[in-house]
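A structural walkthrough
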Amino acid sequence: MLNYKRAQIGQTMTWIVATIIIVLSLTFFVYFANMLAQGGAIKNAFSTAFSDVDFNLDEWSRAKTELAFTRKTGNSERINKWIEKLKEKDE
Amino acid sequence: MSWLKSKKASHVLSVYWFVILILVAIGIYAMISTYYSYPTDVRQWEANVLANKAMDCVSKNGVLVEGLKSGKEFEKDFQENFDERCGFNFADNNYDKTQYYVNIDFYEVSSLDKIVFNVYGGNPSWGGTYNEVQQEKTFERIVQGTKKRFYVVDSERNQYLAEVVSVVRKSEQNVKL
C-alpha cells in the first residue's frame, strides 16, 4: 500500500516536471523568435537574397557624373570635392 | 476497485495530454506570429530607387534632358509638371496623404551655395522630417530617405551640380510604431 502511494507520488512529480519543462522550452522559443525578428534577422536575410543587386545605388549617380565629365572636364576637382562632401557628412 | 482507479487515472491523463497538445500548438502559433509580425523595412531601398528615377528624369548621358532648360532659362513648365514629366504617380490607396517626396536642387559650379533651379514632387513635409532625422535620429521610424549628388551639363556645356533628396514615409507598412 505504501509502495503504491510512493509510486503514485513519483509519477505525479514526473508529470509536473515534464509540464514545467514543456512550458519553459516553449517560452524560450517564443522569446527567441521575438529576438530573431527584432534583431534584423529578416532584414539580413532579405539583404542576402538581393546581395547581387546594389540598392544603395551610389554607382548610379557616379555613372551620371562620369558621363557628364566626358562632355566637359573643367572644374573637376571642385565638382568631385562637392560630391564627396555629402559622403563625409553621411559617415 | 483498483481497476476503477486505473480507468479514472487514464481519463485524467488523456485530458492532460490534450491540454499539453493545445499548449504546444499555442506556443508554435505564438512563435510564428511573433516572427512574421515584424515588418521588413524596405523604405531605404525604395528611396534609392526613387532618387535614381528622378536622376534619370533630369539627366541623360550626363546632359540635362530636353525641356528642362531652353536657352539660358530653366523651364517653369518642367517645374510645375514634374510628376507628369517624370512619370511619377505618388498616389497610394492605403494612405490619404502622399507618402513620398523627391526634390532636386541645381547649383552652378561657380556658386555652390545658391540654388539656381529646383524641382520637387510628392509631399514636401516629409522633406522637413527627413532633415530632422539627419540631425538627430529621433524620427527615424517615421521616414527614411537618401541624398545623392551628381554633376550634369546642359546642351551648351554649362556645368551644373544637382542634389537629389528622396524620402519615403509608409511607416505603418514598414515598421512597428
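That block above? That's the structure.
All values derive from a computational prediction rather than experimental measurement.

Cut-offs applied
- Residues numbered from 1 in each chain as written.
- Chains lettered and ligands numbered in written order.
- Predicted model: local features only at pLDDT ≥ 70, side-chain atom pairs only at ≥ 80, totals over all residues.
- Heavy atoms only, no water.
- Helix = DSSP H or I, 4+ residues; strand = E, 2+ residues; numbered from the N terminus.
- Buried < 20%, exposed > 50% of the residue type's maximum accessible area, 1.4 Å probe, protein only.
- Rg over C-alpha atoms; globule rule 2.2 N^0.38 Å.
- Contact = heavy atoms within 4.5 Å.
- Areas by Shrake-Rupley, 256 points an atom, 1.4 Å probe, with all protein chains shown as cover.
- Lys, Arg positive; Asp, Glu negative; His and termini not counted.
- Charge placed at Lys NZ, Arg CZ, Asp CG, Glu CD.
- Buried area = accessible area lost by both parts, 1.4 Å probe.
- Salt bridge = Lys/Arg side-chain N within 4 Å of Asp/Glu carboxyl O.
- Polar contact = N/O pair within 3.5 Å; in protein donor to acceptor, adjacent residues only side chain to side chain.
- Nonpolar A, V, L, I, M, F, W, Y, C, P; charged D, E, K, R; others polar.
- Core = buried A, V, L, I, M, F, W, Y, C linked by side-chain atoms within 4.5 Å.
- Axes fitted to C-alpha atoms, helices over the stretch in contact; angles between N-to-C directions.
- Parallel < 35°, antiparallel > 145°, perpendicular 65-115°, else oblique.
- Left-handed = near helix turned anticlockwise from the far one by under 90°.
- Disulfide = S-S within 2.5 Å.
- Expected span 1.5 Å × (residues − 1).

1. As for the overall build of chain A
Scanning chain A for helices and strands turns up four helices and zero strands. Scanning chain A from its N terminus toward the C terminus, one meets helices and strands in the order α-α-α-α. Residues classed as buried in chain A amount to 15% of the 91 residues present.

2. Concerning the overall build of chain B
The helix and strand inventory of chain B stands at six helices and eight strands. The C-alpha radius of gyration of chain B comes to 28 Å, more than 25% above the 16 Å expected for a compact globule of 177 residues. In terms of principal-axis extent, the alpha carbons of chain B reach across some 110 × 30 × 30 Å. Contacts in chain B between residues far apart in sequence, at least 24 positions, make up 62% of those at least 6 positions apart. Just so you have it, chain B exposes about 10,200 Å², and 54% of that area is on carbon and sulfur atoms. On chain B, the mean spot of the 21 positive side-chain charges and the mean spot of the 22 negative ones are 14 Å from each other.

3. So, the interface of chain A and chain B
If you look at the interface, chain A gives 41 residues, while chain B gives 42 residues. When the two sides are added together, the surface that chain A and chain B hide from each other amounts to roughly 4,100 Å², 68% of it contributed by carbon and sulfur. If you look at where chain A meets chain B, you find one salt bridge. In this structure, K64 of chain A and D56 of chain B form a salt bridge, with 2.9 Å as the shortest nitrogen-oxygen distance. Across the chain A-chain B interface, the total number found is 15 residue pairs in polar contact (both at pLDDT 80 or more). Secondary structure elements with two or more residues in the side of chain A that touches chain B: α1 (2-38), α2 (41-49), α3 (58-71) and α4 (76-90) of chain A. Counting residues per element, the side of chain A that touches chain B draws most heavily on α1 of chain A, which supplies 12 residues. Here the side of chain A that touches chain B is built from residues that sort into 22 nonpolar, 10 polar and nine charged.

4. Some words on the nonpolar core
The biggest cluster of nonpolar side chains holds 28 residues, and the ones touching the most others in it are L68, F78, I104 and F106 of chain B. The set of elements that each furnish at least two residues to this core consists of α2 (43-58), α4 (82-86), β5 (100-108), β6 (111-122), β7 (144-153) and β8 (159-168) of chain B. Look past the residues within four positions of F106 of chain B in its chain and what remains in contact with it is V58, L64, L68, K114, I115, V116, F117, V119, V152, L161 and A162 of chain B. If you look at the next biggest cluster of nonpolar residues, it comprises 11 residues, including F69 and I83 of chain A together with V153 and L161 of chain B.

5. Some details on the packing of α3 of chain A against α2 of chain B
Running from N to C, α3 of chain A and α2 of chain B point in directions that differ by 15°, and their axes come no closer than 9 Å. For the element pair α3 of chain A / α2 of chain B, the angle class is roughly parallel. Here α3 of chain A runs over α2 of chain B; the crossing is left-handed. Between α3 of chain A, through W60, S61 and K64 of chain A, and α2 of chain B, the contact on the second element is made entirely by N52, M55 and D56 of chain B. Considered class by class, the residues forming the contact of α3 of chain A with α2 of chain B number two nonpolar, two polar and two charged.

6. Some thoughts on the state of the cysteines
Residues and elements named next belong to chain B. Taken as a whole, this structure holds one disulfide over all chains when the rule is applied. Disulfide partner of C57: C86, at an S-S distance of 1.8 Å. In this structure the cystine formed by C57 and C86 twists about its S-S bond by roughly -75°; its chirality is therefore left-handed. Of the two residues, C57 sits in helix α2 while C86 sits in helix α4, which places them 29 residues apart along the sequence. C86 shares its class with C57; the two are buried.

7. With respect to α2 of chain B
The terminal C-alpha atoms of α2 of chain B, which comprises 16 residues, lie 23 Å apart, in line with the 22 Å expected from a rise of 1.5 Å per residue. Taken as a whole, α2 of chain B has its buried residues at R43, W45, A47, N48, L50, A51, N52, A54, M55, C57 and V58 of chain B.

8. Structural notes on unusual backbone geometry
Residue and element names in this part refer to chain B. Although it is not a glycine, N61 sits at a positive phi angle of roughly 55°. Note on placement: N61 falls in the loop between β1 (59-60) and β2 (63-64). Overall, N61 belongs to the partly exposed group, its relative accessible area being 45%. Positive phi, close to 65°, is recorded for R157, a residue that is not glycine. The topology assignment puts R157 in the loop between β7 and β8.

Functional significance is not addressed by these values, which are geometric in nature.
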